[in-house]
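Geometric and topological summary
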Amino acid sequence: MDLNDLTRRLGNGTPRIAFGADYNPEQWSREVWKHDVELMREAGVNLVSVGIFSWALLEPEEGRYEFGWLDEVMDLLHANGIAVDLANASASPPPWFTVKYPDSAPVDENGVRQTHGSRQAFAACSPDYRRAAAALTTAIAERYSQHPALAMWHIHNEYGCHNQPDFGPHAERGFREWLRARYGTIDALNEAWGTAFWSQHYYDWSEIMPPRRSGTWVNPSQQLDFARFSSDSLLECFEAEADIIRAHSDKPVTTNFMGTNMGLARPVDYWRWAPRMDIVSNDHYLIAEDPRNHQDLALVADLTRGWAQTKPWLLMEHSTSAVNWQPRNIAKSPGQMLRNSFQHLARGADGILFFQWRASRAGAEKFHSGMVPHAGRDTKVWREVVELGAALEKASEVAGSRVVADAALLFDTDARWAAELDSHPSMEAQPVRELREWHDALFRAGITTDVRQSTDDLSAYPLVVAPMLYLVTDDGAANLRRYVEGGGTLVLTYFSGIVDEHDRIIMDPLNGGGYPGAFRELLGIEIEEFFPLHAAETVPLTEGSGERWSELGRTTTAEAVSRYEAGPTAGSPAVTRNAAGRGHAYYVGTTPDAEALAGLLPRVLADAGIEPPRHAAEHPDLEVVTRASEEGSWVFAINHGTEDARLPVDGVELVSGSATEGELRVPAGGVAVVRVAG
Ligand code: GLA
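**Points about the sheet that holds strand E7 (residues 281-283)**
Across the sheet, which stays open at both edges, the nine strands sit in the order E5-E4-E3-E2-E1-E9-E8-E7-E6 with parallel pairing between neighbours. Both outer strands of the open sheet, strand E5 (253-254) and strand E6 (256-257), are each paired with one neighbouring strand and no more. Bridge count between strand E8 (residues 313-317) and strand E9 (residues 349-354): two bridges; the pairing is parallel. The residue bridging Trp313 from the neighbouring strand is Ala349, located in E9. Across the face of the sheet, helix H1 (residues 3-10) comes into contact with strand E1 (18-23), strand E2 (47-50), strand E3 (83-87), strand E4 (150-154), E8 and E9 while running at roughly 140° to E4. Sitting on the sheet, helix H12 (residues 336-346) touches E8 and E9, and the angle it makes with E9 is about 145°.

**Focus: the packing of aromatic side chains**
Summed over all chains, the structure comprises 33 aromatic pairs. Measuring from ring centre to ring centre gives 6.1 Å for Phe238 and Trp273, while their planes differ by 40°; the resulting arrangement is tilted. Placement of the pair is Phe238 in helix H9 (residues 220-248) and Trp273 in helix H10 (residues 270-273), with a sequence separation of 35 residues. The same class applies to Phe238 and to Trp273, which are both buried. Pairing Trp271 with Trp307 gives two aromatic rings, centres 6.4 Å apart and planes at 75°, and the pair type is edge-to-face. Of this pair, Trp271 sits in helix H10 while Trp307 sits in helix H11 (residues 293-307), and the two are 36 residues apart along the sequence.

**As for the site of the ligand**
Surrounding the ligand, one finds Phe53, Arg119, Asn157, Glu158, Asp283, Tyr285, Glu317, Trp325, Phe355, Glu365 and His368. Measuring from an oxygen atom of the ligand, one finds a side-chain N or O atom of Asn157 at 2.8 Å. A total of 300 Å² of accessible area belongs to the ligand in isolation, and the protein chains cover 96% of it. Grouping the constituent residues of the shell around the ligand by class yields four nonpolar, two polar and five charged.

**Observations regarding the pattern of salt bridges**
A side chain with one charge may pair with a side chain of the opposite charge, provided their charged atoms come close. Counted according to the given criterion, the structure contains 54 salt bridges. Taking the shortest distance from any N to any O, the salt bridge between Arg675 and Glu397 comes out at 2.6 Å. Of this pair, Arg675 sits in strand E28 (residues 671-676) while Glu397 sits in the loop between helix H13 (380-394) and strand E10 (402-403); the two residues are 278 residues apart in sequence, bridging distant segments of the chain. Judged by its relative accessible area of 35%, Arg675 is partly exposed.

**Focus: the packing of helix H15 (residues 431-444) against helix H18 (residues 594-608)**
As a packed pair, H15 and H18 sit with axes 11 Å apart at the nearest point and diverge in direction by 65°. Classified by the angle their axes make, H15 and H18 are roughly perpendicular. The chirality of how H15 crosses H18 is right-handed. Counting all contacts with H15, which are made through Trp438, Ala441 and Leu442, the residues of H18 involved are Leu597, Leu600 and Leu601. Residue composition of the contact of H15 with H18, by class: six nonpolar, no polar and no charged.

**Focus on the domain arrangement of the chain**
Parsing the chain into structural domains produces domain 1 (3-166 + 252-400), domain 2 (407-609) and domain 3 (619-676). Measuring from the centre of the C-alpha atoms in domain 1 to the corresponding centre in domain 3 gives 30 Å. Taken together, the contact pairs 21 residues of domain 1 with 14 residues of domain 3. Regarding the contact of domain 1 and domain 3, the summed buried area is about 1600 Å², with carbon and sulfur atoms giving 63% of it.

**A look at the sheet that holds strand E12 (residues 449-452)**
Read from one edge of the open sheet, seven strands run E12-E11-E13-E14-E21-E20-E19, paired in mixed fashion. Every other strand in the sheet has two partners, leaving E12 and strand E19 (559-563) as the edge strands with one partner each. On average, each strand axis in the sheet is tilted by 20° relative to the strand beside it, whichever way the strands run. Bridge count for strand E20 (residues 573-580) against strand E21 (residues 583-588) is six bridges, and the pairing is antiparallel. Opposite Ala579, over in E21, you have His584 as the bridge partner. Contacts from H15 reach strand E11 (407-410), E12, strand E13 (463-466), strand E14 (489-493) and E21 within the one sheet, and its direction differs from that of E11 by about 170°. This element, H18, spans E13, E14, E19, E20 and E21 of the sheet and lies at about 160° to E21.

**Regarding the side chain of Glu653**
Secondary-structure assignment places Glu653 in strand E26 (residues 651-653). Among buried charged residues, Glu653 stands out as having no salt bridge; its nearest opposite-charge side chain is Lys394, 8.2 Å away. Engagement of the side chain of Glu653 in a polar contact is seen with the backbone nitrogen of Val655, the distance being 3.2 Å. Polar side-chain contacts of Glu653 include one of 2.6 Å to the backbone nitrogen of Ser656. With near-sequence residues (within four places) excluded, Glu653 lies in contact with Ser658, Thr660, Leu664, Ala672, Val673 and Val674.

**With respect to the packing of H11 against H12**
It is the contact of H11 with H12, at a shortest axis distance of 9 Å, that shows an interaxial angle of 25°. What the angle tells us is that H11 and H12 run roughly parallel. As H11 runs across H12, the sense of the crossing is right-handed. Residues Asn293, His294, Leu297, Ala298 and Ala301 of H11 touch H12, and the partners they reach there are Gln336, Asn340, Gln343 and His344.

**Quick notes on unusual backbone geometry**
Residue Gln356 is reached from Phe355 by a cis peptide bond, and omega for that bond is -5°. Relative to the helices and strands, Gln356 is located in the loop between E9 and H13. In this chain, Tyr515 is followed by Pro516 through a cis amide linkage whose omega measures -15°. Relative to the helices and strands, Pro516 resides in the loop between E14 and helix H17 (520-523).

Calculation notes
- Residues numbered from 1 in each chain as written.
- Predicted model: local features only at pLDDT ≥ 70, side-chain atom pairs only at ≥ 80, totals over all residues.
- Heavy atoms only, no water.
- Pairing = 2+ DSSP bridges.
- Helix = DSSP H or I, 4+ residues; strand = E, 2+ residues; numbered from the N terminus.
- Contact = heavy atoms within 4.5 Å.
- Axes fitted to C-alpha atoms, helices over the stretch in contact; angles between N-to-C directions.
- Phe/Tyr/Trp six-rings, centres within 6.5 Å; stacked < 30°, edge-to-face > 60°.
- Buried < 20%, exposed > 50% of the residue type's maximum accessible area, 1.4 Å probe, protein only.
- Near = heavy atom within 4 Å.
- Polar contact = N/O pair within 3.5 Å; in protein donor to acceptor, adjacent residues only side chain to side chain.
- Areas by Shrake-Rupley, 256 points an atom, 1.4 Å probe, with all protein chains shown as cover.
- Nonpolar A, V, L, I, M, F, W, Y, C, P; charged D, E, K, R; others polar.
- Salt bridge = Lys/Arg side-chain N within 4 Å of Asp/Glu carboxyl O.
- Parallel < 35°, antiparallel > 145°, perpendicular 65-115°, else oblique.
- Left-handed = near helix turned anticlockwise from the far one by under 90°.
- Domains from an automatic or database assignment.
- Buried area = accessible area lost by both parts, 1.4 Å probe.
- Lys, Arg positive; Asp, Glu negative; His and termini not counted.

Printed below as a string of structure tokens:
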């Protein structure tokens, strides 16, 4: 069972976009529950996630379960035609659990043990936690797997949000086991970690620790492996719980990813997790104060679609308005929530859900918006919720269709983790920022991008941009070479292809040759030294300027598109282009400013045979994305600007039901989706 089965079920046979929220009825009285379901019907809610933080109420003491209230909630929702995404409630062990099993709580890098009182207070490798979560999951699966309201399963909640990494004794044991399985021998580990450095050689597995606080930088290869291990240990938790569910139920299983803003959630490697999901689901929250937060949203949606291997996915959480956890929790302006929702829909979401249904009265999130605000029905938020419900219903036919992407951006978790480690040439070399800026450059040009990994089959994309692919495996490097030789256009940016999978420099100690070891030949260049720039310094290029980074090097077979014009790297190539097989590989050795980018991008697009759509120049604030299937194609237009926009497209606009007659008018701040004629 997958997302198509879910959307068909929600529409009684015809696909319908999922619409709803996390629903936490345990925070409210039965009287409010009745009102809730009436309001849900009014808004067209068809799916709610229930029980995510209900462990303490469902299991008052170990092994004794109280399901009465949840039975009532499930029955009430079913009676009102609302399907349930039921949680297995393992996300937050109750206080009695931590009191009974104190060593099950996570420990930070300084050795400080956390306690209950917020949420997620457990260590992923704690056997007591795993046993208790499995018992709870079994009890819930046995009780509800046949319930008619049940539509899908929500395992846990945002794995690793608060308890990762854990440096405690369970993690120590787990890490050693994981390393033994990976390396087999201690010698292989010593080689991979480069332990000849700083007298770090290990003679026995028992000497190896999680990278706890040490005098200064802990071995980076060790840190990288610990990040991988920590992600894998949570994945083991997911798999154990999902296996129990799947033994009882054929309904699709997911856990909500945290591909959210503020640096694209770090603790978990979703590329490894996504194949284990029946439905890929994601949470996204706007960076409220970022004037281009809609572009961040687009990037995260594109990345989520990448995790889903370009198939549709589910937006499990976003907010109707303000959140409670940013420095200034700016509320959404009128229309903004609708635009956000349509952006996700345009970029492949087949469901738009919120955190949460009703804004809480108490607790740490009482100032977080919900679909039902504290002020009730006569509000901007509620009116927009109802408007969105109606609009999504009208757009239902897009469910199941795929986003039409023009290009791909690469974002490997290992490369990101490694590039973010300490003691690097410049704090300015930030992979997530580079990714976001290259995504933005393409977004502004009206180019829709998938986000993929370096090892994925890229042959269908005329253009692939790899921002700061610092770490690359042999397979990844070979794949990119194949891609270019097969006719692709590749753009690699600075600090790419520098280290192998263990974070060791890719180099030849006997013959030299310079950076980037993994791509020197493909790019036709040799870099001998990095020259990171001072804060706020720029370096003039043949065209425009470079920021953050520069390099001393030379071309071998590449042509220099532009050079550094001053400073210690004057005369060195800054941007290069190399022919390889039937394609071209560009290298961008600095962060191009707007002028440099304006010169470079058209050239790259021309090589890739991509013609930027006209609307990008005419209406810079109009976001246009196409979804298509065998049944047809749909053009989404989201106007983030303050002026009306016009787009040549012939068909029927689904929300208004009117024909465009060749030209769609999208009012300032408005959204539209057109079923393209023919
Ligand atoms: C996360 C969690 C939710 C809630 C929201 C608040 O996404 O999954 O339970 O805390 O953040 O923004």
